[in-house]
Amino acid sequence: MSALSNSLAATDIASTMHPYTNLRQHEATGPLIIARGDGVRVYDDRGKEYIEGLAGLWSVAVGFSEKRLADAAYKQMLQLPYYHTFSSKSHEPSIRLAEKLVEMTPEPLTRAFFTSSGSEANDTIVKMIWFMNNGLGRPQKKKFISRVKGYHGITVASGSLTGLPGNHRDFDLPAIPVHHLTCPHFYRFGQEGEDEAAFTARLLAELEAVIEAEGADTIAAFIGEPLMAAGGVLPPPAGYWEGVERICRANDILIISDEVICGFGRLGTPFGCQKYNFTPDIITLSKQITSSYMPLAAVMFSEPIYQAIADNSAKLNNFGHGFTASGHPVATAVALENLAIIEEKDLMGNAARLEEKFQAGIRSFADHPLVGEARGAGLIGALELVADKATKRPFDPVGRAGAVANRIGHEEGLIFRSIGDQLALCPPMIVTEDDVAEIMARLGRTMDRLP
Ligand code: PLP
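Residues numbered from 1 in each chain as written. Predicted model: local features only at pLDDT ≥ 70, side-chain atom pairs only at ≥ 80, totals over all residues.

Looking up the protein chain in an unreviewed UniProt entry gives the name Aspartate aminotransferase family protein, with the organism given as Mesorhizobium denitrificans. The Sequence similarities (unreviewed entry) comment attached to the protein chain in UniProt states, word for word, "Belongs to the class-III pyridoxal-phosphate-dependent aminotransferase family." Per UniProt, the protein chain carries the Cofactor (unreviewed entry) text "pyridoxal 5'-phosphate". (UniProt positions renumbered as here; feature names shortened; annotations may be inferred.)

Next comes the structure, spelled out in structure tokens:
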């Protein structure tokens, strides 16, 4: 380690608190300091090269060295580095981006509201729906339905929608009315003797039973990721989303498709709802919207929702919600350039074309003695490590195998994300066939070295 990185590491330990980290362990091991990026690769402060197999945090579609995004940010900073969108103020990049997103997203979405993070976007959705339903004279219609292992963020409301124990434990969440349904992951949650179709039918019956018990007039919305990503890369069973949509429509329950990861082609279709054949009333977007070069998220929603909110804002003389950085000009300018690159380079088409090769690579590990399930869709995949393949018994204590794999992966020059004992991959959408082959080779060497 160089003197600089030594002192940087020491300063990191002395002066920061890392998200999603065992902080005492971090004090002992120190940070992995990433110093620069180039295409699908990043380099640490000692010059070691890694393929970024998770695109940062599932987000850097265009890779780590896209100069056009730096130029777009620079140009916008010179022209108008900041302006807000409160009280009817506006600026061209946020208007153009809203227009672009309405054009890209499926019908019936006609409106955009901007925030800086996926969590803020989902908090905004909760508040929009409460504001709307109060305005419509149905103040009891406030509850949300989510799923165990769903991930919707970490703020008080979005963290409540999230269905992961690690995000609730000792944070006193959930703090809003939310019911978490069974996780739609057949490998882990299917019952003895049940096939996938029977599993889907059981999950849909559970949804109907919850609506019956709670009363449809108390349930505002169902929120879900088309494919659950941060919960472990869990594609839904066949027919699941079509069934959810049918039941929600029959009960006047809004459908929110949280596409913070699935949006912009990740699953081989422009949006995840199109992969699984359902039509949401609201879509949450973030991450690949700017390739994470700037923080930005968008809530896309339908005209009836807008009209109801607008009516209530007229009654109260305000829609009293918004962030200093809502529609930030530099972030929205970068998003516009990023989406132009995604279109010009046909990165959504690239993801669709490489899906077969990438998924075949992931599934080639299915026979490995430590792999319980190899799964995914589009350019996202995971290996679930198990101590016993026949009984699906997880490693004990939870997470150790994943953490070991992570460390060996780093040595082999591959960054992925271990979620407990699930190894998740989600490479930048600029990957080539050769990159996919190299990712699988490095993953193979990592798996070969697992104790
Ligand atoms: N929703 C989904 C589906 C996500 O995957 C994430 C983050 O990974 C979020 C919401 C929260 O986004 P953020 O971390 O920007 O708050």
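From this point on, the discussion continues.
A. Molecular detail of the sheet that holds strand E14 (residues 417-419). One open sheet accounts for 4 strands, arranged E11-E12-E15-E14; its pairing is antiparallel. Across the chains shown, the open sheet's two edge strands, defined by having one partner strand only, are strand E11 (371-377) and E14. Strand-to-strand twist in this sheet, taken as the mean axis angle between neighbours without regard to direction, amounts to 20 degrees. Relative to strand E15 (residues 422-425), strand E12 (residues 380-385) is paired through 4 bridges, and the arrangement is antiparallel. Following the sheet pairing, Ala382 is matched in E15 by Ala424. (Pairing = 2+ DSSP bridges. Helix = DSSP H or I, 4+ residues; strand = E, 2+ residues; numbered from the N terminus. Axes fitted to C-alpha atoms, helices over the stretch in contact; angles between N-to-C directions.)

B. Quick peek at the site of the ligand. Taken together, 14 residues lie near the ligand, and Ser117, Gly118, Ser119, Gly153 and Val260 sit nearest. Residue contributions to the shell around the ligand peak at 3 residues, all from helix H6 (residues 118-135). (Near = placed C-beta within 6 Å.)

C. Representation of the sheet that holds strand E9 (residues 282-285) within the structure. Read from one edge to the other, the open sheet built from 7 strands follows the order E4-E10-E9-E8-E7-E5-E6, with strand pairing classed as mixed. Each edge of the sheet is formed by a strand with only one pairing partner; in this case those strands are strand E4 (109-115) and strand E6 (178-181). Taking the axes of each pair of neighbouring strands and ignoring which way they run, one obtains an average angle of 20 degrees across the sheet. For strand E8 (residues 254-258) and E9, the ladder comprises 3 bridges, and the chain directions are parallel. Residue Asp258 lies in a different strand from E9, and its bridge partner there is Thr284. The sheet strands contacting helix H5 (residues 92-104) are E4 and strand E10 (297-302), and the helix crosses E4 at an angle near 135 degrees. Lying on the sheet, helix H10 (residues 196-214) is in contact with strand E5 (143-147), E6 and strand E7 (219-224); it crosses E6 at an angle near 160 degrees. (Contact = placed C-beta atoms within 7 Å.)

D. Fine view of the packing of H6 against helix H13 (residues 303-316). With their axes 9 Å apart at the nearest point, H6 and H13 run at an angle of 70 degrees to one another. If you check the angle between H6 and H13, you find them roughly perpendicular. Regarding H6 and H13, the two cross each other, and that crossing is left-handed. The segment H6 lies against H13, with Met128, Phe131, Met132, Asn134 and Gly135 engaging Ile305, Ala308, Ile309, Asp311, Asn312 and Lys315. Each residue belonging to the contact of H6 with H13 can be placed in one class, and the counts come to 6 nonpolar, 3 polar and 2 charged. (Parallel < 35°, antiparallel > 145°, perpendicular 65-115°, else oblique. Left-handed = near helix turned anticlockwise from the far one by under 90°. Nonpolar A, V, L, I, M, F, W, Y, C, P; charged D, E, K, R; others polar.)

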